[in-house]
Amino acid sequence: MADMARDNEEGGTAILLCLIDCILGCIEGIVEYFNKWAYVYVGLYGYSFIESGKNVLGLFKSRGWNTIVTDNLVESALFFVNVGIGLLTGCIGFILESSFGDMYGVFGDSDKIMGFV
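Each residue is numbered by its place in its chain's sequence as written, counting from 1. The predicted origin of the model limits local features to residues at a pLDDT of at least 70 and limits the giving and counting of side-chain atom pairs to 80 or more, whereas totals for whole chains, interfaces and linings rest on all residues. Calculation of side-chain values draws on the structure's entire complement of heavy atoms; hydrogens and water are dropped beforehand.

1. A few points about the overall build of the chain
- Each helix and strand counted, the chain has seven helices and zero strands in total.
- Each helix is a run of H or I in the DSSP string that is no shorter than four residues. Each strand is a run of E no shorter than two, and both are numbered from the N terminus. In the chain, the succession of α and β elements from N to C terminus is α-α-α-α-α-α-α.
- Summing over all exposed atoms, the chain offers an accessible surface of approximately 9400 Å²; the carbon and sulfur share of this is 67%. Accessibility throughout is a Shrake-Rupley quantity obtained with a 1.4 Å probe, and a residue counts as covered only by protein chains that appear here.

This is the structure:
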């Protein structure tokens, strides 16, 4: 955006683009400190949230782990583990039902309740 402002021949538009670039840079600088890793840092070391955000960002940059903050692979991995456990449980339930027939006949007319449980 700054290059566009330099290449632009109209003075008013160039100033407007520079102001927008400056405002967005300030917002980006503030927002990057607000991440969930800062909460962990607060819990571990007891710093304030803003200071923890700065420390976490500095730690990740010094270690080259910026992609960990941006890609956040933990939630995706946990989602797939949950789906896998659900599929495994469903398969076990299907095998047991097909092997033993009406397993819930003992409970009488409460099939809906047992299906929910």
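2. Here we look at a nonpolar patch on the surface
- A cluster of nonpolar side chains, Leu16, Ile20, Ile23, Leu24, Ile27, Ile30, Val31, Phe34 and Ile50, forms an exposed patch at the surface whose accessible area comes to about 820 Å².
- It is helix H2 (residues 11–31) that provides the largest number of residues to the nonpolar patch, a total of seven residues.
- Residue position: Ile30 is located in helix H2.
- Under the relative-accessibility criterion, Ile30 is labelled exposed at 51%. For patch building, the residue pool is restricted to those with more than 30% relative accessible area and no salt bridge; the joining distance is 9 Å between like charges and 5 Å between nonpolar side chains (Val, Leu, Ile, Met, Phe, Trp, Tyr). We define a salt bridge as a side-chain nitrogen of Lys or Arg found within 4 Å of a carboxyl oxygen belonging to Asp or Glu. Only protein chains enter the accessibility calculation, which uses a 1.4 Å probe. A residue is then buried if its area is under 20% of the maximum for its type, exposed if over 50%, and partly exposed in between.

3. Structural notes on the environment of Asn55
- Summarising the element assignment, Asn55 is placed in helix H4 (residues 49–63).
- Judged by its relative accessible area of 26%, Asn55 is partly exposed.
- For this analysis, residues touch if any pair of their heavy atoms sits within 4.5 Å. Not counting residues up to four positions away in its chain, the partners in contact with Asn55 are Tyr41 and Tyr47.

4. Quick notes on the packing of aromatic side chains
- Pairing of aromatic rings covers Phe, Tyr and the six-membered ring of Trp, with a centre-to-centre limit of 6.5 Å; geometry is then stacked below 30 degrees between planes, edge-to-face above 60, and tilted otherwise. All chains considered together, the criterion is met by five aromatic pairs.
- An angle of 15° between the planes, with centres 5.8 Å apart, marks the rings of Tyr41 and Tyr47 as stacked.
- Between Phe79 and Phe80, the ring centres sit 5.5 Å apart and the planes meet at 65°, which makes this aromatic pair edge-to-face.
- Here Phe80 falls in the exposed class, since its relative accessible area comes to 59%.

5. Regarding the environment of Ile50
- Examined against the element boundaries, Ile50 turns out to sit in helix H4.
- As for Ile50 and Tyr33, which are separated by 17 residues in sequence, their C-alpha atoms are 6.6 Å apart.

6. Some remarks on the packing of helix H3 (residues 36–45) against H4
- All axes are obtained by fitting lines to C-alpha atoms, using only the stretch in contact for helices, and the reported angles, taken between N-to-C directions, cover 0 to 180 degrees. Contact pair H3 / H4: the axes reach a minimum separation of 8 Å and the direction vectors enclose 110°. Relative to H4, the element H3 is oriented roughly perpendicular. Taking contact as the criterion, the partners of Trp37, Ala38, Tyr39, Tyr41 and Val42 in H3 are, on H4, Phe49, Ser52, Gly53, Asn55, Val56 and Phe60.
- Polar here means any residue outside two lists: the nonpolar Ala, Val, Leu, Ile, Met, Phe, Trp, Tyr, Cys and Pro, and the charged Asp, Glu, Lys and Arg; Gly therefore counts as polar. Grouping the constituent residues of the contact of H3 with H4 by class yields eight nonpolar, three polar and no charged. Each angle is binned into one of four classes, with values under 35 degrees roughly parallel, values over 145 roughly antiparallel, values of 65 to 115 roughly perpendicular, and all other values oblique.

7. Thoughts on the side chain of Ser52
- With respect to the element layout, Ser52 can be found in helix H4.
- Excluding residues within four positions of it along the chain, Ser52 makes contact with Ala38, Tyr41, Val42 and Tyr47.

8. Section: H4
- The first and last C-alpha atoms of H4 sit 21 Å apart over 15 residues, in line with the 21 Å expected at 1.5 Å per residue.
- Residues of H4 that are buried include every one of Ser52, Gly53, Val56, Leu57 and Phe60, and no others. Along the axis of H4, the buried positions cluster into a sector of 130°, meaning they face one direction only. The exposed set on the far side of H4, more than 90 degrees from its buried face, consists of Lys61 and Ser62.
- One or two residues past the end of H4 sits Gly64, with phi positive at roughly 80°. What a helix should span is 1.5 Å times the count of its residues minus one. The reported arc concerns the directions from the helix axis to the C-beta atoms and nothing else.

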